[in-house]
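Working through the structure, step by step
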Amino acid sequence: MDGNYYIFTTTVYDTIDKNKIFSRFYDLTKSNVTLLATEPLTGFSNEFSSDTETLTYIHNNQSSWPEFGELVFEIEYIPAIDD
Amino acid sequence: MANTGRIIGSLTTAISKVSGTAISGLANIMGKVISLFSNTQSLSHGIANGTDAVYASSTASDFQVIQSDAWSISFWIKVGWTSSLNGSIHLIASNGPGGVHDSMWRVFYNESNNRLYFGFRSGSTYKSNNFWYFHHTGAGEAGAQSGLGTSYPSDNWMASNPGYVNADGFTLITITKGTATKATRANLTAYWNGQNLGDAYWVNGCTNNCNTPAMTASDARNFAIGNNSWNYSGPQGNGSPTLYDEVAFWDKELSAAEVLEIWGGAGTLGETTGAPSNLQTSSMAANLIGYWRFETNGTVSTVGSATLTLDGNSTTSTTHA
């Protein structure tokens, strides 16, 4: 799972098998999703090798993303309570 | 000793002097500390990431809890954030000098998933945490106990939807931990005002890379309110400043009755009569190891030795719990 950090458009994200997503967070307009996947995925807008790299990208694009903070990708996505 | 309501027929509230000395000048009577309690101020935490941090660094010998210790944290909070926070805000956090993974524990609210978290760790794969999600439906579960409601995400915890609060608009949050070394459901209890928030989500704590932590008892500890304790960065609110008051750290797993004593109200669901009282004269006073009151613009811990630094726009406020 380490290294499978991505940004997807929400349109593409909605087609992904949710069982492959460990953690996910939307941007401010809910038009993009950053996620940590349990296996490599395709169809992404951006790909990152670490949480630090992902969060640095998001930090530098603050107009469209909130500040998530360190360790955010430890927060599990649980479809039963998050959808 | 029971509370005294009258002295020789006079209301105690009408007595201002004892033997010619103003009561406010007396430290004790017959060896008993006099409690003259008032609460007039709170901490107003600014919303700028990092620059508005509130923290005490490297408190030499206090607060050195480890995974097998029982401890509790209680604090009054008036939230200022909005639904646009969309991240996680640290409410209370502590860690050792080695950084984020060094003997770290924290209470944080994950706004995007509407979860209140508690966790502790000694490494990236030696951690244990659990959470309560506020849209949890059912009697006795977090949605009903908090008064926030169960529509997700419209009922998420935020300034415009604060849930059950006291007459001053504050909520008392208390997290208690037993002596088990993981954040299991049986080992943790969360309270909203005087009410148990129901079951934590995970039966045995988190499941991914969650080996039993091995925290270091001898490490000095940082302590933070309203932001993380290791680098003070990350979301610290949005909208209006969030207010914190009467932050208390205990070296025991508080009972439901003791949490109700902190709340100070009737203890029925949704009632607003809770108000801070002097925890130094509470029935749990011997277990109080940290106590930040923010009175007279103070940043000192009334108990313990962790004096806070308030950066940027963080300050004391006369709006109080």
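Only a predicted model underlies this, so the values are computations on that prediction, with no experimental measurement involved.

Time to look at the overall build of chain A. When its secondary structure is counted, chain A shows three helices and four strands. In terms of C-alpha radius of gyration, chain A reaches 12 Å, essentially the compact-globule figure of 12 Å for 83 residues. With the C-alpha coordinates aligned to their principal axes, the bounding extent of chain A is approximately 30 × 25 × 25 Å. Across the 83 residues that make up chain A, the buried fraction comes to 39%.

Right, let's get into the overall build of chain B. Within chain B, the secondary structure is distributed over two helices and 21 strands. Going through the 321 residues of chain B one by one, you find that 50% of them count as buried. By sequence separation, contacts in chain B at least 24 residues apart represent 67% of the contacts at least 6 residues apart.

So, on to helix α2 (residues 256-263) of chain B. All names here are of chain B. The set of residues buried in α2 consists of Glu258, Val259, Leu260, Ile262 and Trp263. In this structure, the buried residues of α2 make contact with β9 (71-78), β14 (171-177) and β15 (188-192). Gly264, located one to two residues past α2, shows a positive phi value of around 75°.

What follows is about the sheet that holds strand β3 (residues 32-37) of chain A. Strand pairing in a sheet takes place through backbone hydrogen bonds and is either antiparallel or parallel in direction. All names here are of chain A. Read across the sheet, four strands follow the order β2-β3-β1-β4 without closing on themselves; strand pairing throughout is antiparallel. Every other strand in the sheet has two partners, leaving β2 (21-26) and β4 (46-48) as the edge strands with one partner each. Averaged over all adjacent pairs, the angle separating strand axes in this sheet is 20°, with direction ignored. Inspection of the sheet shows strand β1 (residues 5-9) paired to β3 by five bridges, in the antiparallel sense. What sits directly across from Thr9, in β3, is Asn32. Along the sheet, helix α2 (residues 51-59) contacts β1, β3 and β4; its crossing angle with β4, the most-contacted strand, is approximately 140°.

Let us look at the confidence of the model for chain A. Low pLDDT marks stretches whose predicted atomic positions should not be read closely. Confidence in the prediction for chain A averages 93 pLDDT; 98% of positions are at 70 or higher. Confidence, expressed as mean pLDDT per element, reaches its minimum in chain A at α2(A) with 93 and its maximum at helix α1 (residues 10-13) of chain A with 98.

Our next topic: the confidence of the model for chain B. Per-residue confidence for chain B gives a mean pLDDT of 91, with 89% of residues at or over 70. Overall fold confidence (pTM) sits at 0.91, and the ipTM for the predicted complex is 0.94.

So, how was this worked out
Residues numbered from 1 in each chain as written. Chains lettered and ligands numbered in written order. Predicted model: local features only at pLDDT ≥ 70, side-chain atom pairs only at ≥ 80, totals over all residues. Helix = DSSP H or I, 4+ residues; strand = E, 2+ residues; numbered from the N terminus. Rg over C-alpha atoms; globule rule 2.2 N^0.38 Å. Buried ≥ 20, exposed ≤ 12 C-beta atoms within 10 Å, placed from the backbone. Contact = placed C-beta atoms within 7 Å. Pairing = 2+ DSSP bridges. Axes fitted to C-alpha atoms, helices over the stretch in contact; angles between N-to-C directions. pLDDT = per-residue confidence, 0-100.

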